[in-house]
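Residues per chain are reported as follows:
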Protein chains: 2
Amino acid sequence: MKNIKLTIEYDGTNYCGWQKQKNGVSIEETVENALIKVLKEDIKIIGAGRTDAGVHAKGQVANFFTETGIPDDRIALAVNSLLPPDIVILKSEGVPMDFHSRYKAIGKRYSYSIINRRMPSAIMKNFYAHVPYDLNFEDMKSCIDCFLGTHDFSAFKSTGGCAMTSIRTINYVNLFKDEDIIRFYIEGNGFLYNMVRIIAGTLIDVGRGKINPQAVPNIIESKDRKLAGITAPAKGLCLEKVYY
Amino acid sequence: MKNIKLTIEYDGTNYCGWQKQKNGVSIEETVENALIKVLKEDIKIIGAGRTDAGVHAKGQVANFFTETGIPDDRIALAVNSLLPPDIVILKSEGVPMDFHSRYKAIGKRYSYSIINRRMPSAIMKNFYAHVPYDLNFEDMKSCIDCFLGTHDFSAFKSTGGCAMTSIRTINYVNLFKDEDIIRFYIEGNGFLYNMVRIIAGTLIDVGRGKINPQAVPNIIESKDRKLAGITAPAKGLCLEKVYY
C-alpha cells in the first residue's frame, strides 16, 4: 500500500465544484473515476479543500491509497489520458503514509481576477469577474494590508460553512494591475466559506467608492456580514497553491 | 447612410474561422446576423482579414454601412446583447464613408502564446500551444530580430493563400517569458497565409534544438517552406490589433 499525492489544475466552469453532489458532475468524482479505471482498484481521494461551482484551481491537492505497481510519477500521465481536458493532474508523487491532504495543510494561496472595462471579455470570460464600473485601484490597494494578521473574519463568511471558529491568520496579500486586469492574491492558514470572494467583493466596492477604504478595519472588527461588500462571482477565484 | 467601424474580441475555439464557410459557424456570419436583428437591415460586414478556425482576436476590425438611427457608440452594446459570450464588440464608432477595414489597414499585430511544461494546461487550454519539450528561451530570443525588415517570406507561407507577392515588412518583434508561459509578438504591414504560425513553429523548433538559431536568416533567404519549422497550432495565435 502506498500514499499518492496529486497536484491538480482545473477549469471549474463546467463542474458543480470539487465535492460530489447529487446534481452535476464534480471534479472529485471525475478524478476518482479516472483513477479507478487506470488503477483497477476502488479508490477514494481526499481533497485539500472544496472549491465551489465555477471556481478554478492551479494547485489543488488530493491524496489516495493504492496497491498499484505503476511508478508514482507515471500515474499523472496515465490518468490525464482519461480525464477531460479541463482537468489536468500536474504531478503525482509518493508521500509518507500519514500525509493527509486536508489535515496536514498549513496554508492556502488564492487569486481573484477582475477585468475592469466597459465590455466583458470574450477570451477570458470564465476566469475573470467583469466589473464595468471605474475602479479606483489606489483606494483598493490602500486597504488590503488590514486583512493581514489574525482576525475573527465573521464579517467575511457566508452561512453554510461548518468551521468551528471564524478566526483565521492571513500572512500575505497583494494587488496588481496590468492594463484592464486587476488581480488580488491572498495567503493564509485557512479560509471561511466564501471568505476570499467576500474580501474581493469588498475591494470591488471600495474601488467603486461604495465603501470607504478607511472603514475596512472597522468592518473586520464589526464581525457583521452586512457591512462587508458583495460576494464576488465564483469564476474570478482560483486556488493557486496548498502549503504543507 | 453611415459607415460604422467595429472592434471585435473573440475566442475562436468554437468557430470555423472569421470567414463564412459551408461547414461550421463563422465569426463573420454570427456578427452579421446579430447586426441584422438589431438594425433590421440587410447588413454586410467587411473584415480586416480572415482568421483561421481556432484563432482568437482581441482587436479584429470590421466595418459596415447602415441607415440606423441608433447612436454609433450604442450599437456595440445592442449587438453584444444578442451575441454569444465568446464574441464581444469592444467598440462601435462612426468613420468616414471611404473607410474600408481591409484596404485601409496599414499593419497588424499578432501574438503567439506557448505553455512550456510537461503537462498541458486545464485553464488556458484553448489559448496556448502546449510544448512539453524543454525550450531554450535564449536561443529563441537570439533569432527573432532577423525577421525584422522587408523580406520575401515564401519560406513562411502555406499554400492556399491568394497574395500577389510574398514580400512583407516586419517592424516589431518581441519574445517574453513569464514562468512557463512564452509569448511572441510580431507587427508588420501584412502577413502571408499561416505566416505567424510558421514563424512561431520555427521558433519552437529553435527552442527544441532542431533548428540552429544562426540558420534562421538563411531559411528566410532560401524561400523554401521545407527548411522552416512546423506550423504551430491555431489556438496559440491571436490577432491583437489592426492599424490604420
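Every value quoted in this text rests on a predicted model; they were computed, and no experiment measured them.

**Considering the relation of the copies chain A and chain B**
Overlay of chain A on chain B (RMSD 0.0 Å): rotation 180°, translation along the axis 0.0 Å. The transformation just described matches what one would write down for a two-fold rotation axis. Residues of chain A ranked by C-alpha distance from the rotation axis are headed by A:Met124, positioned 4.6 Å from it. Of all interface residues in chain A, 100% are interface residues in chain B too; the two copies therefore contact each other through one and the same surface.

**Some thoughts on helix H4 (residues 195-207) of chain A**
Residue and element names in this part refer to chain A. With 13 residues, H4 extends 18 Å between its outermost C-alpha atoms, agreeing within 8% with the 18 Å of an ideal straight helix rising 1.5 Å per residue. The buried fraction of H4 is high, at 12 of 13 residues. Within H4, burial applies to Met195, Val196, Arg197, Ile198, Ile199, Ala200, Gly201, Thr202, Leu203, Ile204, Val206 and Gly207.

**A look at the interface of chain A and chain B**
Listed by partner, the interface residues are 19 residues for chain A and 19 residues for chain B. Elements that contribute at least two residues to the side of chain A that touches chain B include exactly strand S1 (2-10), strand S3 (56-66), helix H2 (75-80) and strand S4 (87-95) of chain A. Among the elements that make up the side of chain A that touches chain B, the one with the highest residue count is S4(A) (three residues).

**Quick look at the domain arrangement of chain A**
Residues and elements named next belong to chain A. For chain A, the domain assignment lists domain 1 (2-95) and domain 2 (107-243). Centre-to-centre, using C-alpha coordinates, domain 1 lies 27 Å away from domain 2. Between domain 1 and domain 2, the residue contacts involve 15 residues of the former and 11 residues of the latter. Partitioned by chemical class, the residues of the side of domain 1 that touches domain 2 number five nonpolar, seven polar and three charged.

**Considerations on unusual backbone geometry**
Residues and elements named next belong to chain B. Even without a glycine there, the phi angle at Lys40 is positive, about 55°. Looking at the secondary structure, you find Lys40 in the loop between helix H1 (27-39) and strand S2 (46-47). The exposure class assigned to Lys40 is exposed, which follows from the 10 C-beta atoms found within 10 Å. A positive phi angle is found at Lys223, which is not glycine, with a value near 55°. Within the secondary structure, Lys223 is located in the loop between helix H5 (216-222) and strand S10 (237-243).

Procedures and definitions
- Residue positions are given per chain, counting from 1 as you read along its sequence in written order.
- Working convention: letters from A go to chains and numbers from 1 go to ligands, in the order in which they are written.
- Thresholds applied to this predicted model are a pLDDT of at least 70 for local features of residues and 80 or more for the giving and counting of side-chain atom pairs; totals over whole chains, interfaces and linings are not thresholded and use all residues.
- To line up the copies, we fit them by least squares on C-alpha atoms, keeping just the residues with pLDDT of at least 70 in both.
- C-beta atoms are first placed from the backbone for all residues, and any pair lying within 7 Å is then listed as a contact.
- Each helix is a run of H or I in the DSSP string that is no shorter than four residues. Each strand is a run of E no shorter than two, and both are numbered from the N terminus.
- To estimate the expected span of a helix, subtract one from its residue number and multiply by 1.5 Å.
- Neighbour density around each residue's C-beta defines its exposure: 20 or more other C-beta atoms within 10 Å make it buried, 12 or fewer make it exposed, and counts between make it partly exposed, where C-beta atoms are placed from the backbone.
- The split of the chain into domains comes from an automatic or database domain assignment.
- Each residue gets one label: Ala, Val, Leu, Ile, Met, Phe, Trp, Tyr, Cys and Pro are nonpolar, Asp, Glu, Lys and Arg are charged, and the others, such as Gly, are polar.

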